[in-house]
Amino acid sequence: MEYIKDFEGLGLNITNGTIQIIDQRLLPIQEVYLTCNTVQDMWGYINTLATRGAPMIGCAAAVALLQFAVVNNTNTPELVQQFLQQCDYLQTSRPTAVNLAYCCDIMAQKSKNEPDYSLQNLSDIAYGLIQAELDMCERMSELGASLVKDGDNILTHCNTGSLATPGIGTALGVIKKAHEQGKKIHVYVDETRPLLQGGRLTTFELHKAGIDYTLISDNMAGVLMKQKKND
């Protein structure tokens, strides 16, 4: 599928027109990728937290909508209307997710006086959203890493890495970038109840990156700060 271009990331993979997301519910015990064949599939993955993280679900939604347009070839008013209905429907999978609503609305071109629903334009929009997230993650990580000193101990909460974004990550991206720069850092990871995004997902990413970490319970964070063990 020429309009659905390959993309390789930890949480989102697209190969030869096939869209797959890693099932974050099973991490870190199992690394299983789920295939998205329909908008309904992606609705379920987002709704059940198989994929999560505001930037990630926004971009995943965008490529799922692009897939719908390509499969149905939105070249008639009736098919365009169906596409717009899918944009609204997908937002209901996580009504509080700002990135999800934003990306769905951008794909729907709600702010355009003369929207262009050609497959090429929809492809450009979807991959433009992904590229924007990649660029923001990279720039944020570079700026943040410049503030990290060699030997720092850093406290994290939740998961803000490559599972939550298409790129290197936001806050966790800062840590990864500092590590890439050769800085010896240690990370205290809040478990992040009740879904353990820290205990399951952040530790998974840190382990893959070879970064030293210690997993702590959420209520230990205050003691950690009181004892000035984090920088």
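A. Inspection of the sheet that holds strand E4 (residues 33–36) at higher detail. Across the sheet, which stays open at both edges, the four strands sit in the order E1-E2-E3-E4 with antiparallel pairing between neighbours. Strands with a single pairing partner mark the edges of an open sheet, and in this sheet they are strand E1 (7–8) and E4. Both strand E3 (residues 18–22) and E4 contribute to a ladder of four bridges, which runs antiparallel. Across the sheet, Ile19 pairs through a bridge with Cys36, a residue of E4. Here helix H1 (residues 39–47) sits on the sheet and contacts E3 and E4; the angle it forms with E4, its principal contact strand, is near 140°. Sitting on the sheet, helix H2 (residues 54–72) touches strand E2 (12–15), E3 and E4, and the angle it makes with E3 is about 155°.

B. Expanded view of the side chain of Thr202. Relative to the elements of secondary structure, Thr202 occurs in helix H7 (residues 197–209). According to the relative accessible area criterion, Thr202 is buried, its value standing at 1%. A polar atom in the side chain of Thr202 sits 3.4 Å from the side chain of Asn159. With residues up to four places along the chain from it excluded, the contact list for Thr202 reads Thr156, Cys158, Asn159, Leu172, Val189 and Gln197.

What counts as what
- Residues numbered from 1 in each chain as written.
- Predicted model: local features only at pLDDT ≥ 70, side-chain atom pairs only at ≥ 80, totals over all residues.
- Heavy atoms only, no water.
- Pairing = 2+ DSSP bridges.
- Helix = DSSP H or I, 4+ residues; strand = E, 2+ residues; numbered from the N terminus.
- Contact = heavy atoms within 4.5 Å.
- Axes fitted to C-alpha atoms, helices over the stretch in contact; angles between N-to-C directions.
- Buried < 20%, exposed > 50% of the residue type's maximum accessible area, 1.4 Å probe, protein only.
- Polar contact = N/O pair within 3.5 Å; in protein donor to acceptor, adjacent residues only side chain to side chain.

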